[in-house]
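Read off the chains here:
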Amino acid sequence: MAAEKSLALVLRTVDFSETSLVVTLFTREFGKIGALAKGARRPKSAFEGALDLLSLCRVVFLHKSSDALDLLTEAKLHRRFRAGARDLTRLYAGYYVAELLDELTHTGDPHPELYDAAVAALADLDGEGNVAAITLRMEMTALRVLGHAPSLAECVGCGIPVAPEERVAFGMLEGGVLCPECRPGKRQVVSVSGEVVKTLRRYADATSDAWRGSPPGAKTWGELRGALNHYLANLLGKKPKLHDFLGSLAKEPPRSGQGCP
Ligand SMILES: [Zn+2]
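Residues numbered from 1 in each chain as written. Predicted model: local features only at pLDDT ≥ 70, side-chain atom pairs only at ≥ 80, totals over all residues. Heavy atoms only, no water.

**Focus: the environment of Asp 126**
Right, so step 1: Within the fold, Asp 126 resides in helix H2 (residues 112-126).
Right, so step 2: Distance in space between the C-alpha atoms of Asp 126 and Arg 82 is 6.2 Å, their sequence separation being 44 residues.
Right, so step 3: With sequence-adjacent residues up to four places away left out, Asp 126 is seen in contact with Arg 80, Phe 81, Arg 82, Ala 83 and Arg 86. (Helix = DSSP H or I, 4+ residues; strand = E, 2+ residues; numbered from the N terminus. Contact = heavy atoms within 4.5 Å.)

**Looking at helix H3 (residues 131-145)**
Right, so step 1: Across its 15 residues, H3 extends 21 Å between first and last C-alpha, which sits within 8% of the 21 Å expected from 1.5 Å per residue.
Right, so step 2: With 14 of its 15 residues buried, H3 lies for the most part within the structure.
Right, so step 3: Of the residues flanking the end of H3, it is Gly 147, one or two places downstream, whose phi is positive at about 80°. (Expected span 1.5 Å × (residues − 1). Buried < 20%, exposed > 50% of the residue type's maximum accessible area, 1.4 Å probe, protein only.)

**Topic: the sheet that holds strand E5 (residues 70-79)**
Right, so step 1: In space, the five strands of this closed barrel follow the order E1-E2-E3-E5-E4, with mixed pairing throughout. Averaged over all neighbouring strand pairs, the angle between strand axes comes to 50°, with direction disregarded.
Right, so step 2: Here seven bridges tie strand E1 (residues 3-15) to strand E4 (residues 56-62), and the two strands are oriented antiparallel to one another. Across the sheet, residue Ala 8 finds its bridge partner in E4, namely Cys 57.
Right, so step 3: Strands in contact with helix H1 (residues 88-104) are E1, strand E2 (21-27) and strand E3 (31-37); relative to E1, the strand with the most contacts, it is inclined by about 110°. (Pairing = 2+ DSSP bridges. Axes fitted to C-alpha atoms, helices over the stretch in contact; angles between N-to-C directions.)

**Brief notes about the coordination of the zinc ion**
Right, so step 1: Every protein donor of the zinc ion is listed here as Cys 155 (SG), Cys 158 (SG), Cys 179 (SG) and Cys 182 (SG), and their distances to the metal cover 2.3 Å.
Right, so step 2: Here the zinc ion binds four donor atoms, and the angle range of 105 to 113° at the metal identifies the geometry as tetrahedral.
Right, so step 3: In terms of primary sequence, the donors binding the zinc ion are separated according to C-x2-C-x20-C-x2-C. (Donors = N, O, S within 2.8 Å, 3.2 Å for Na, K, Ca; no water. Tetrahedral: all angles 85-135°; square planar, octahedral: opposite > 155°, others 65-115°.)

Here you go:
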């Protein structure tokens, strides 16, 4: 049983006994872990209030090889997520980042790029960054890193390029755009505008910060959120807990000049 060190985000905490907590952490080096924090609910503990939801900590834990919970021995607060205290929308966006990490990743499957993206998104939310834009960027990054990215340039059925023309067929179950040849007979296909596809491509592009640029119009945005919320619910196998938050995002497109922190 080796002692491991890592940076970690607190995704979830559950009271375990009168004095202890079970925490779900998304660590940079080890991926998601579940750990017992003995004595964490005592006023004076080794964790010194570091284990709040969405806190960024430096942790030491004993890694159990079996299915048993790891044992957290130390957590030092690195940065607290403060935005929630001043803005409910930012708080929900933070919760949603935690939900995506918790629901879409497996225990012990590390994704440092996703960790870094989540930390950056929370910092953006904590500042003045646009909530709708940051949320969409986080979603597209999570989908890409975890192998669930929708195909946005090639037909998901046959691989031929699909131009983002006026209307494009998007297969929810297939996971991407469909050419006219491949569309017939498919279930759960929605028609989206080419603008929706272009916007999704911009937010999915890992090599560019163009997503911070000119925001989509309200109509494109509403359509995009509708399609993406449907796609995510299919992927999760249920409505996200933050479903209502996502619904509210559909009505509030990113505004010009708010993309940059
Ligand atoms: Zn095709």
